[in-house]
Amino acid sequence: DTAVSQTPKYLVTQMGNDKSIKCEQNLGHDTMYWYKQDSKKFLKIMFSYNNKELIINETVPNRFSPKSPDKAHLNLHINSLELGDSAVYFCASSQGRGNSPLHFGNGTRLTVT
Amino acid sequence: AQSVAQPEDQVNVAEGNPLTVKCTYSVSGNPYLFWYVQYPNRGLQFLLKYITGDNLVKGSYGFEAEFNKSQTSFHLKKPSALVSDSALYFCAVRDSGNTGKLIFGQGTTLQVKP
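The residue numbers shown here count from 1 along each chain, following its written sequence. Throughout, the order in which chains and ligands are written sets their labels, letters from A for the former and numbers from 1 for the latter. pLDDT decides what is reported in this predicted model: residues at 70 or higher carry local features, side-chain atom pairs at 80 or more are listed and counted, and totals for whole chains, interfaces and linings draw on all residues regardless. The basis for every side-chain value is the complete set of heavy atoms in the structure, and neither hydrogens nor water enter the calculation.

Enquirer: How should the overall build of chain A be read in this particular structure?
Expert: Helix and strand counts for chain A stand at zero helices and eleven strands. In chain A, the order of α-helices and β-strands from amino to carboxyl end is β-β-β-β-β-β-β-β-β-β-β. What the globule rule says is 2.2 Å times the number of residues to the power 0.38, and the radius of gyration is computed from C-alpha atoms. Against the 2.2 N^0.38 benchmark of 13 Å for 113 residues, chain A shows a C-alpha radius of gyration of 13 Å, consistent with a compact globule. Reported as C-alpha extents along the three principal axes, the dimensions of chain A are approximately 40 × 30 × 25 Å. For the purposes of this entry, the term helix denotes a DSSP run of H or I that reaches at least four residues, the term strand denotes a run of E that reaches at least two, and both are numbered from the N terminus.

Enquirer: Hey, could you run me through the nonpolar core in this one?
Expert: One broad trend across soluble globular proteins is that nonpolar side chains are buried collectively. Counting 27 residues, the largest nonpolar core has B:Leu33, B:Trp35, B:Leu47, B:Leu48, B:Phe74, B:Leu76 and B:Tyr89 as the members making the most contacts within it. Those elements giving two or more residues to this core turn out to be β2 (10-14), β3 (19-21), β5 (33-38), β6 (44-50), β8 (64-68), β9 (73-78), β10 (87-94) and β12 (108-113) of chain B. Residues belong to one nonpolar core when they are buried, are Ala, Val, Leu, Ile, Met, Phe, Trp, Tyr or Cys, and are joined through side-chain atoms within 4.5 Å. For each residue, the accessible area found with a 1.4 Å probe, counting protein chains only, is set against the maximum for its type, and the residue is called buried under 20%, exposed over 50%, and partly exposed in between. By size, the runner-up hydrophobic cluster in this structure holds 20 residues, among which are A:Met32, A:Leu74, A:Ala87 and A:Val112.

Enquirer: Just checking my understanding: could you explain the interface of chain A and chain B for this structure?
Expert: The criterion used for residue contact is that any of the two residues' heavy atoms lie within 4.5 Å. Each partner contributes residues to the interface: chain A has 25 residues there, and chain B has 22 residues. Accessible area that two parts lose when put together, with a 1.4 Å probe and added across both, is what the buried area reports. Between chain A and chain B, roughly 1900 Å² of surface is buried when both sides are summed, and carbon and sulfur atoms account for 53% of that area. If you sort the residues of chain A by the area they bury against chain B, A:Leu43, A:Arg97 and A:Asn99 come out on top, with a joint share of 27%. Throughout this description, the term salt bridge denotes a Lys or Arg side-chain nitrogen within 4 Å of a carboxyl oxygen of Asp or Glu. For the pair chain A and chain B, the interface holds one salt bridge. The shortest N-O distance in the salt bridge between A:Glu58 and B:Lys101 comes to 2.9 Å. A 3.5 Å cut-off defines polar contacts: any pair of N or O atoms within that distance qualifies, except that in protein one atom must be a possible hydrogen donor and the other a possible acceptor, and neighbouring residues in sequence count only when both atoms are side-chain atoms. Counting every contact that joins chain A to chain B gives ten residue pairs in polar contact (both at pLDDT 80 or more). Where the side of chain A that touches chain B is concerned, the elements lending two or more residues are β4 (31-37), β5 (43-50), β6 (53-57) and β9 (87-94) of chain A. Taken together, the residues of the side of chain A that touches chain B sort by class into eleven nonpolar, nine polar and five charged. Under the grouping applied here, Gly and all other residues not named as nonpolar or charged are polar, the nonpolar ones being Ala, Val, Leu, Ile, Met, Phe, Trp, Tyr, Cys and Pro and the charged ones Asp, Glu, Lys and Arg.

Enquirer: Can you walk me through the side chain of B:Gln6 in this structure?
Expert: Within the fold, B:Gln6 resides in the loop between β1 (3-5) and β2. A distance of 3.0 Å separates the side chain of B:Gln6 from the backbone nitrogen of B:Cys91, its partner in a polar contact.

Enquirer: Honestly, the pattern of salt bridges in this entry has me stumped. Any pointers?
Expert: Pairing between side chains becomes possible if they bear opposite charge and their charged atoms approach one another. Residue and element names in this part refer to chain A. Under the defined criterion, the tally for this structure stands at six salt bridges over all chains. One salt bridge in this structure joins Arg63 and Glu82, with 3.4 Å as the shortest N-O distance. Here Glu82 lies in the loop between β8 (73-78) and β9 and Arg63 lies in the loop between β6 and β7 (64-70), a separation of 19 residues in the sequence. Taking the relative accessible area as the measure of exposure, Arg63 reaches 16% and is therefore buried.

Limitation: the analysis is restricted to geometry and does not speak to function.
Written out as structure tokens, the structure is:
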């Protein structure tokens, strides 16, 4: 009965490859997010979708493309992976964009070699 | 632009002692403030939030936070620390631009020693 689930948990790949991370939430929330946590633990927003509509694209390289097939899913596809993409990627969801908290998945640790 | 700052990279406290993890914010308008905790290899867990009303907000696991408008602070507190409270703590503010995003501080590692 996990609320926000991401797959895979770990992803190790070589430079230049293309990979995807999937996220699903069963909370009935209408807004979903992708955050990147770097090696210094700093959290930065990447994308946000509300009811399948993109509302945040925070100066992320074009190699990153989010896709939201429905409001319970927000996937992240990354083309031509680079060493600097190594990080932990967190999916989150919330109901609305006001005072409700974000609920986070357990993260996907991406390592690019 | 909105921001939060956590001035301490690490806080050390002995088990049973009170703990405080500091956070200051900079926003235009009324802030929506949050505290999260991250255990190793886990996602962020919501602890508590301040929206309006009482300046002392109670949250999960015995944590509370005090909102101080004049000092633009939202410090996290607990009267008696447990070793199991050792983790990374994040303060965050909701973006006022109706995007819903949370803007996080840089995080504070809490180390509780037996």
